Amino acid sequence: MTLFSSFTAPVAALAVALAFATPAHAAVPAQPTLKVTTLDGKTFDLAAQRGKWVIVNYWATWCVPCIKEMPDISRFVAAHKNVTAIGLAYEDSEPADIKAFLAKHPVAYPIAQVTLDQPPKDFDEPRGLPTTYLISPDGKVAKHIVGPVTEASLEALIGAK
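Residues numbered from 1 in each chain as written. Predicted model: local features only at pLDDT ≥ 70, side-chain atom pairs only at ≥ 80, totals over all residues. Heavy atoms only, no water.

Peer 1: What's the story with the environment of L157 in this structure? I'm lost.
Peer 2: Along the chain, the position of L157 falls in helix α4 (residues 151-158). With near-sequence residues (within four places) excluded, L157 lies in contact with L134, K143 and I145. (Helix = DSSP H or I, 4+ residues; strand = E, 2+ residues; numbered from the N terminus. Contact = heavy atoms within 4.5 Å.)

Here it is in C-alpha cells:
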C-alpha cells in the first residue's frame, strides 16, 4: 500500500461528509415571485413589473462593494425607462438604521429589508454580497451575479433603453 492510497479513503469520506453538511440551496424558479414591503411602507410585487427589466439586488450597509455599486444601479435605473430595481437590505439592523444609511447614500429605487429568518421564498440565500438577479421583461431570471455590478456591466447585460 502506498502513502497515497492510505489517504484516499479518509479524504473521500471527508468529502462525502462535507457534501452532506453543506446546506443545500434550492434552485431559483425560472419565473420567481417576490412581494415585499419597502421601507417607505409600499408593496413591491415582482409580478407587477412584467414588461420591464428588474434588478433584484441584495446588499447590506456594512458591505463596501454594495455601497460602491448602489450609485451605478441608481444611474442605470434612472436612465432606462424599461428598467426598475428593488434593493433587498440583507441584515438584522433596525429599519431606522437602514433609513439613516439611505439618507447618506440615496438611491433611485425602493429598498426592502429581508433577514436570515425571513428570506424571500423564491430566491436563494445570498452566498456573498452583493448578489444581483436580473429579471427579464417576461419575469424570468436572465442572470444571477455574485459580486458588484456597474453601470457598464448592466448596460452590457441588459442593453435596454
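Peer 1: I'm lost on unusual backbone geometry in this one. Help?
Peer 2: Among all residues except glycine, the phi angle is most often negative; among peptide bonds, the trans geometry is most common. With omega at -5°, the peptide bond leading from L129 into P130 counts as cis. As for its position among the elements, P130 is in the loop between β5 (111-114) and β6 (131-135).

Peer 1: Would you mind showing me how to read the side chain of D72 here?
Peer 2: By the secondary structure assignment, D72 is in helix α2 (residues 64-79). Polar side-chain contacts of D72 include one of 3.3 Å to the side chain of R75. Discounting residues that sit within four places of it in the chain, D72 has contacts with V149, T150 and E151. (Polar contact = N/O pair within 3.5 Å; in protein donor to acceptor, adjacent residues only side chain to side chain.)

Peer 1: What am I meant to see in the packing of α2 against α4 here?
Peer 2: Any two packed helices are characterised by how steeply their axes cross, that is the angle between the axes, and by the distance between the axes. Where α2 contacts α4, the two axes come as close as 8 Å, and the packing angle between them is 45°. With respect to their mutual orientation, α2 and α4 come out oblique. Counted together, D72, I73, R75 and F76 of α2 and E151, L154, E155 and I158 of α4 form the full contact between these two elements. For the contact of α2 with α4, the residue count by class is four nonpolar, no polar and four charged. (Axes fitted to C-alpha atoms, helices over the stretch in contact; angles between N-to-C directions. Parallel < 35°, antiparallel > 145°, perpendicular 65-115°, else oblique. Nonpolar A, V, L, I, M, F, W, Y, C, P; charged D, E, K, R; others polar.)

Peer 1: Mind showing me how you'd approach the nonpolar core here?
Peer 2: For soluble globular proteins, nonpolar side chains are generally found buried alongside one another. Membership of the largest hydrophobic core comes to 24 residues, with the highest contact counts inside it found for I55, W59, I73, L102 and I111. Put simply, the parts of the chain that give this core at least two residues each are β3 (53-59), α2, β4 (83-90), α3 (95-104) and α4. If one sorts the elements of this core by residue count, α2 sits on top with five residues. Beyond its immediate stretch of four places on either side in the chain, I55 contacts I73, F76, V77, V83, T84, A85, I86, T132, Y133, L134, L154 and I158. Counting 15 residues, the second-largest nonpolar core is a separate cluster that includes I86, V114, F123 and Y133. (Core = buried A, V, L, I, M, F, W, Y, C linked by side-chain atoms within 4.5 Å. Buried < 20%, exposed > 50% of the residue type's maximum accessible area, 1.4 Å probe, protein only.)

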